[in-house]
Amino acid sequence: MLQQTQVLRVEPRWHEFLAQFPTLHSIASAEVSQVEEAWEGLGYYARARNLHRTARLVTRDGADAAATLPSKAEVLRTLPGIGRYTAGAVASFAYGQRTPLVDTNVARVLQRVFLPKARRKVAATENALWELAERSLPLKSGAVWTHNQALMEIGALVCTARVMRCGQCPLRVVCGTASRVVLSPVSDAVAAPRRQR
DNA sequence: AACTCGGGGTT
DNA sequence: AACCCAGAGTT
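Residues numbered from 1 in each chain as written. Chains lettered and ligands numbered in written order. Predicted model: local features only at pLDDT ≥ 70, side-chain atom pairs only at ≥ 80, totals over all residues. Heavy atoms only, no water.

Trainee: Report on the protein's contact with DNA strand B, specifying residues and quantitative values.
Mentor: Residues in contact with DNA strand B, as listed here, are Q4, T5, Q6, R9, G41, L42, G43, Y44, Y45, A123 and R162. Expressed as a percentage, the sugar and phosphate content of the atoms of DNA strand B within 4 Å of the protein is 51%. Between a base nitrogen of DNA strand B and a side-chain N or O atom of T5, the distance comes to 2.7 Å. One nitrogen or oxygen atom from the main chain of L42 is found 3.1 Å from a base nitrogen belonging to DNA strand B. Grouping the amino acids of the surface near DNA strand B by side-chain chemistry returns 4 nonpolar, 5 polar and 2 charged. (Near = heavy atom within 4 Å. Polar contact = N/O pair within 3.5 Å; in protein donor to acceptor, adjacent residues only side chain to side chain. Nonpolar A, V, L, I, M, F, W, Y, C, P; charged D, E, K, R; others polar.)

Trainee: Any chance you could break down the nonpolar core for me, citing the residues and the numbers?
Mentor: Counting 22 residues, the largest nonpolar core has M1, F17, F21, I27, V35, W39 and L76 as its most contacted members. Every element with two or more residues in this core is listed here: α1 (7-20), α2 (24-29), α3 (32-38), α4 (46-58), α5 (73-76) and α6 (84-94). Counting contributing residues, this core receives three or more from each of domain 1 (1-68) and domain 2 (70-98). If sequence neighbours within four positions are ignored, F17 has contacts with M1, I27, V35, A38, W39 and L51. (Core = buried A, V, L, I, M, F, W, Y, C linked by side-chain atoms within 4.5 Å. Buried < 20%, exposed > 50% of the residue type's maximum accessible area, 1.4 Å probe, protein only. Helix = DSSP H or I, 4+ residues; strand = E, 2+ residues; numbered from the N terminus. Domains from an automatic or database assignment. Contact = heavy atoms within 4.5 Å.)

Trainee: Outline unusual backbone geometry, listing residues and values.
Mentor: Even without glycine at this site, Q4 takes up a positive phi of about 60 degrees. Within the secondary structure layout, Q4 lies in the segment before α1. Relative accessible area serves as the criterion here: at 67%, Q4 is assigned to the exposed category. In the Ramachandran plot, K121 falls in the positive-phi region, its phi being about 75 degrees despite a non-glycine side chain. Relative to the helices and strands, K121 resides in the loop between α7 (104-114) and α8 (123-135).

Trainee: Kindly report on the packing of α7 against α8, identifying the contributing residues and their values.
Mentor: Axis separation between α7 and α8 bottoms out at 10 Å; the angle between their running directions is 85 degrees. Taken together, the axis directions place α7 and α8 in an arrangement best described as roughly perpendicular. Where α7 abuts α8, its residues A107, L110, Q111 and F114 lie against L129, L132 and A133. Partitioned by chemical class, the residues of the contact of α7 with α8 number 6 nonpolar, 1 polar and no charged. (Axes fitted to C-alpha atoms, helices over the stretch in contact; angles between N-to-C directions. Parallel < 35°, antiparallel > 145°, perpendicular 65-115°, else oblique.)

Trainee: Residue-level account of α4, with values.
Mentor: Compared with the 18 Å implied by 1.5 Å per residue over 13 residues, the 18 Å span of α4 between its first and last C-alpha is a close match. Among the residues making up α4, those that are buried are R47, A48, N50, H52, T54, A55 and V58. In the core, the buried residues of α4 are packed alongside α2 and α3. (Expected span 1.5 Å × (residues − 1).)

Trainee: Could you give an account of the protein's contact with DNA strand C, with specific residues and numbers?
Mentor: Taken together, 24 residues sit near DNA strand C, with L2, G81, T86, R108 and M152 positioned nearest. What you see for DNA strand C is that sugar and phosphate hold 64% of its atoms within 4 Å of the protein. The contact in question runs from a phosphate oxygen of DNA strand C to an N or O atom on the backbone of G83, over 2.9 Å. Every element with two or more residues in the surface near DNA strand C is listed here: α6, α7 and α9 (144-158).

See below:
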């Protein structure tokens, strides 16, 4: 549901959906039309159809077997509706795998920190961001959940698309964009109160 | 690499 | 009126 849809829009619908479809089995045993109906108003209805297909794929073998998603990103990636980002999200958040993820938030943060000159939307830039996400992962897999979550949170709350709150960003000291922005006279006014003592 | 899929809030 | 959003699949 969160693919290209804001958390605020998704959250209430997600609770409703889970009440109706608490398990992968319940989705798999339903008709596609029922899942699409539960999706009404969210848009991007291919997501609902892909979810239904994935539910049927992972519940295929063993009607009573516990339906579980694969734990490795490269395997998750093969399921319908699960692309590079969602595979990384499930693998690192649900299974604690040492795997990078790049969503719109992480892409923006990494680009502003490491590639201040690069142009977004370019394929080469996109690949470079995934490479950066991979190389900046903590070495211990136990720290990856927090690392990935933190990058996303910084993008969602601090380093937002239209407003960069560099004054409260923990990456300020290493950021290729913040150093220029903070030093500019206009943006500096925001950080000015901190300078008073 | 470019297009398409959505709806709703924010700027 | 544009932009933006925890992207993915198809052409």
